[in-house]
Amino acid sequence: MKIKYFLFTIIALLFSSILASQSAEVKGRITDASNNEAVPFANIIVVGTKKGTISNADGSFQIGGLQPGYIKLRVSFIGYKTTISPDIFVSNNNIPFIEISLDISEEVLSEVIVGIDPFAKKPEAPLAMQSIGIKEIEGNPGSNRDISRVIQSFPGVGSTPAYRNDIIIRGGGPSENRFFLDGVEIPVLNHFSTQGASGGPIGIINADFIQSVDFYSGSFPANKYNALSGIFDFRQKEGSRDKTNYQFSIGASEAAFTIDGPIGKKTNYIFSVRRSYLKFLFSALDLPFLPTFSDYQLKIKSNINTKNQLTIISIGSLDHFDLNKNIKNPDASQEYILSQIPVNNQWSYTFGAVYKHFFEKGFQTIVLSRNMLNNEFYKYPDNNESLEKSFDYHSTEAENKFRYELVLNNKGIKYNFGLNLEYAKYYNSTTQKEFTNDSLINFKYLTRLDVFKYGLSAQASKNLFNKKLLISFGIRTDANNYNDNTTNPLKQLSPRISFSYSISDLTLLNAGIGRYFQQAAYTTLGYRNNSGFLVNKKTAEFIGANHYNFGVEHRFSSSVLISAEAFYKDYFQYPIDLTSGASLANEGAEYSSVAGASPAVFTGKGHAVGFEILNRVNYKKFTLLASYTFVRSLFTNIKSKLIPSSWDSRNLLTITGSQGFKRNWQFGFKWRFVGGLPYTPYDLNLSENIKAWDAQGRPYLNYSKLNSLRFKSFNQLDVRVDKYYFFKNWALMLYLDIQNILNFKNKGQDYIIREKNPDGSYKTVNQGTDYVLRSVPNDSGTILPTVGIMIKF
């Protein structure tokens, strides 16, 4: 009764029309982007209002008397390009601080107006790049403030109906992406992360920290590395410079606490911790798995002086995935899940320091960081702990990184030079029962691997023909000491060039060509056989892809954009699993804790080809993001035959919109359509063998028919209602999020379970050598409502 009363109170608040509103304000500083010098007397206006001010002699400004909520600032000054800030959340209890950097214009005698919001492009990447603001992250329906799911609204980004955060970009697998947080690489983006890929069910990054996200789906700048499909550059907000602020929030899966504030006059911080309560919820619902996760996030920013800045960031996670063996009389789906999912313990952290030094025509950046992943999982046959484990896995990955970048502006050319050095340690202890060639073997190996890596990059960008044509040329190379193939930097030479031509003030033609390389996963490089031999030592190479992009975009106004872009990705040197004969490009999106741990040959090829259409509308009260992508993704098998990959969805359509109303109400919706993905049928003849089944506790796939079948298409409609209350010294934010409101039922691959006798033992045939297997429909999808609460004071 107490729980019902609590929920009733929350819902009553959510749909109440009572409003307490006070005056909000924002502070900040206007600087020159090239050298961080203050820009005095700049004109700052709150977009959509007449409120504004002028920056003082040190570039500082303050604007008060604002209505609480999201605002944007338009900043202009003679000799600089007019800039519009990302979304800023202002309230009565907190005064946000934002630094806005202005780019110098060659037309120094006039104010140059460039409406860059919300469709900003960087000179190094004039196409295949989108910028995502905090307003879009916070209110995205069906995402529960999880950035990994918000990204799935954008063109070229696929998703699966498995309620995971696997990021699938333009037909490339989830292992082909890289993530940077304030310039520091974070290899682990999700809780219960799939080692060797990037996916997982729940994101680690706390949305309370994020100011904006730059998402690249091609034409990567030369200083971004080790990616074939996507790069994500997260920029975190700063802590308050005035007072200490607190925030409590409860969401769909976790409770969170965030604190931020000043440390002296030049330093600020923001810190958060989160803890899930899914274990208790899942146990009450008799779900077969019981996940528990915790995480933390920290940022400290110190402005030593106008020429020197130091930023320290850290993020970490602690995950435990247990089995609910207390279910009485489990049904077929529960039995199947309990039989195949292992117990998983995982933790990770990243710690980094970013030092910036500005000088007259540019700045230098030094990044030092360390990241580590510890991954353990094991499985007992039929979860009987009195038996020997059928699988026992323990692995660690630790990387120590140094990166130096020099950005220089000279005579209208922007130069970027970079150097990165890395030292990685990989450890893996694996014990596993395997059934191959009609016999059961005990597979066991231990790996300790030290890898030294380095990379060099250079890029130059220049506007020509009265700024109608932007050209950016870059080149980089990467190498490591793993073997002779990877040691030679000339084999990983990766040039790239991009163009952007202004047909008119509102219409652009964009094109880009480039070659990109990515190191194979440590799970592949460190794989050994039973004799302790490093199987892939001689054949391993960097995986490569050539990108070809062409697009056109038209801006109907500063708030409305439509664009179309065609792409072609030509993959080479992709590893092929010698056991299954399938490309490792297909791995990474299952509920598995590791991908790529297999003997491989690096002769695979593939291509992903298609086009995207995007419409973005961003008004003060109304936003719309509609994207359609057609994509074909195919990779060769061991016989050099092109096979549709696991990401060959063909058609992706997403429409996301929101409308603000009076009294701080907001309504949003997201509808997504994903074409049916290919899948591989089971080999039931092999699976029914008792020794084979007991070795892995689940059916075997028939790789001779790799991805020969296809699921039906998937669609889902999510809706969300937000209500903000602003009081004098605190704020209350509530939301009601309903996923799959149309109750779409998705049909997955059937469960295969073993038939039982009346006494609970398993039925056998053929003189006790084979189980009797049964196919059970796998239908998923339900209406999932969530109430979220955030309190700021």
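What you see is a predicted model, and the numbers here were worked out from it, not measured in a lab.

J.: Which residues make up the overall build of the protein chain, and what values do they have?
T.: Across its full length, the protein chain carries nine helices and 47 strands. Here the C-alpha atoms of the protein chain give a radius of gyration of 27 Å, agreeing with the 28 Å that 2.2 N^0.38 yields for 793 residues. In terms of principal-axis extent, the alpha carbons of the protein chain reach across some 90 × 70 × 45 Å. Taking all 793 residues of the protein chain together, 57% fall into the buried category. Long-range contacts, defined here as pairs at least 24 residues apart, represent 66% of the contacts in the protein chain between residues at least 6 apart. Entry remark: accessible area of the protein chain is about 32700 Å², with carbon and sulfur atoms responsible for 59%.

J.: Which residues make up the confidence of the model for the protein chain, and what values go with them?
T.: Mean pLDDT over the protein chain works out to 88, with 94% of the residues at or above the 70 mark. This model gives residues 1–21 a pLDDT under 50, and the stretch forms 31 contacts once residues within four places in sequence are excluded. A low-confidence stretch, residues 108–118 (pLDDT under 50), is modelled with 33 contacts involving residues beyond four sequence positions or located in other chains.

J.: Can you explain the sheet that holds strand β9 (residues 97–102)? Please cite residues and give values.
T.: Whenever strands of a sheet pair, they do so through backbone hydrogen bonds, lying parallel or antiparallel. Strand order in this open sheet of three strands is β4-β1-β9, and the pairing throughout is mixed. In this open sheet, the two strands that pair with only one neighbour each are β4 (60–66) and β9. Strand-to-strand, the axes of this sheet are offset by a mean angle of 30°, without reference to chain direction. In the sheet, strand β1 (residues 24–32) pairs with β4 via five bridges, with the strands oriented antiparallel. Bridge pairing links K27 to Q62 in β4.

J.: Explain the sheet that holds strand β7 (residues 83–84) to me, and be specific about the residues and the numbers.
T.: With respect to topology, four strands assemble into an open sheet ordered β3-β2-β6-β7, the strand pairing being antiparallel. Here the strands that pair on one side only, and so sit at the sheet edges, are β3 (52–54) and β7. Of the strand pairs in this sheet, strand β2 (residues 43–46) and β3 are connected by three bridges, and their pairing is antiparallel. By the bridge assignment, N43 is partnered in β3 with I54.

J.: Give a detailed account of the environment of F669, specifying residues and quantitative values.
T.: Within the element layout of this structure, F669 appears in strand β38 (residues 665–674). Other than its neighbours up to four places away in sequence, F669 contacts P141, I655, T656, G657, L717, D718 and V719.

J.: Mind laying out the packing of aromatic side chains, listing which residues take part and the relevant values?
T.: Counted under the stated rule, the structure contains 43 aromatic pairs. A centroid spacing of 5.7 Å and a plane angle of 65° characterise the contact between Y571 and Y574, whose relative ring orientation is edge-to-face. Each ring, one from Y724 and one from F726, has its centre 6.0 Å from the other, and the planes form 85°; the classification is edge-to-face. The class of Y724 is buried, set by a relative accessible area of 13%. An aromatic cluster is present here, built from Y70, F89, Y724 and F726 joined pairwise through their rings. In this structure, R754 is placed above the aromatic ring of Y762, and the distance from its NZ or CZ to the ring centre is 3.8 Å.

J.: Tell me about a nonpolar patch on the surface, residues and numbers included.
T.: On the surface, Y246, F248, W730 and F793 cluster together to form a nonpolar patch covering roughly 360 Å² of accessible area. In this structure, Y246 sits in strand β19 (residues 245–250). A relative accessible area of 32% places Y246 in the partly exposed class.

J.: Give me helix α5 (residues 332–340): which residues, what numbers.
T.: When you tally the buried positions in α5, you get seven out of nine residues, the bulk of the element. Those residues of α5 that are buried lie in contact with β22 (289–305), β23 (308–323), β25 (362–379), β43 (746–754) and β46 (773–780).

J.: Please provide a residue-by-residue account of the environment of L287, values included.
T.: Following the sequence through the fold, L287 ends up in the loop between α4 (278–284) and β22. On the accessibility criterion, L287 (28% relative accessible area) is partly exposed. Sequence-wise, L287 and S494 are 207 residues apart; in three dimensions their C-alpha atoms are separated by 48 Å. Not counting residues up to four positions away in its chain, the partners in contact with L287 are F282, N324 and I327.

J.: Quick one: what's the story with the side chain of E185, residue by residue and with numbers?
T.: Looking at where E185 falls in the secondary structure, it is placed in strand β14 (residues 184–185). Here K401 takes part through its side chain, which lies 2.7 Å from a polar atom of the side chain of E185.

J.: Tell me about the pairing of strand β17 (residues 210–216), residues and numbers included.
T.: Along any regular strand the residues' side chains alternate between the sheet's two faces. The element β17 is extensively covered by neighbouring structure, given that seven of its seven residues are classed as buried. Judged from the six bridges that link them, β17 and strand β18 (residues 230–236) form a sheet pairing that is antiparallel. Counted as the bridge partner of V213 is F234 from β18.

J.: Would you mind going over the pattern of salt bridges in detail, with residue names and values included?
T.: On inspection of all chains with the given rule, the structure shows 37 salt bridges. For E553, the salt bridge identified is with R555, shortest N-O distance 3.7 Å. Across the pair, R555 and E553 agree in class, each one buried. Because the salt bridges share partners, they merge into one network encompassing R178, E185, E399, K401, E422 and K453.

Calculation notes
- Residues numbered from 1 in each chain as written.
- Predicted model: local features only at pLDDT ≥ 70, side-chain atom pairs only at ≥ 80, totals over all residues.
- Heavy atoms only, no water.
- Helix = DSSP H or I, 4+ residues; strand = E, 2+ residues; numbered from the N terminus.
- Rg over C-alpha atoms; globule rule 2.2 N^0.38 Å.
- Buried < 20%, exposed > 50% of the residue type's maximum accessible area, 1.4 Å probe, protein only.
- Contact = heavy atoms within 4.5 Å.
- Areas by Shrake-Rupley, 256 points an atom, 1.4 Å probe, with all protein chains shown as cover.
- pLDDT = per-residue confidence, 0-100.
- Pairing = 2+ DSSP bridges.
- Axes fitted to C-alpha atoms, helices over the stretch in contact; angles between N-to-C directions.
- Phe/Tyr/Trp six-rings, centres within 6.5 Å; stacked < 30°, edge-to-face > 60°.
- Lys NZ or Arg CZ within 6 Å of the ring centre and 35° of its normal.
- Patch = residues over 30% accessible without salt bridge, like charges linked within 9 Å, V, L, I, M, F, W, Y side chains within 5 Å.
- Salt bridge = Lys/Arg side-chain N within 4 Å of Asp/Glu carboxyl O.
- Polar contact = N/O pair within 3.5 Å; in protein donor to acceptor, adjacent residues only side chain to side chain.

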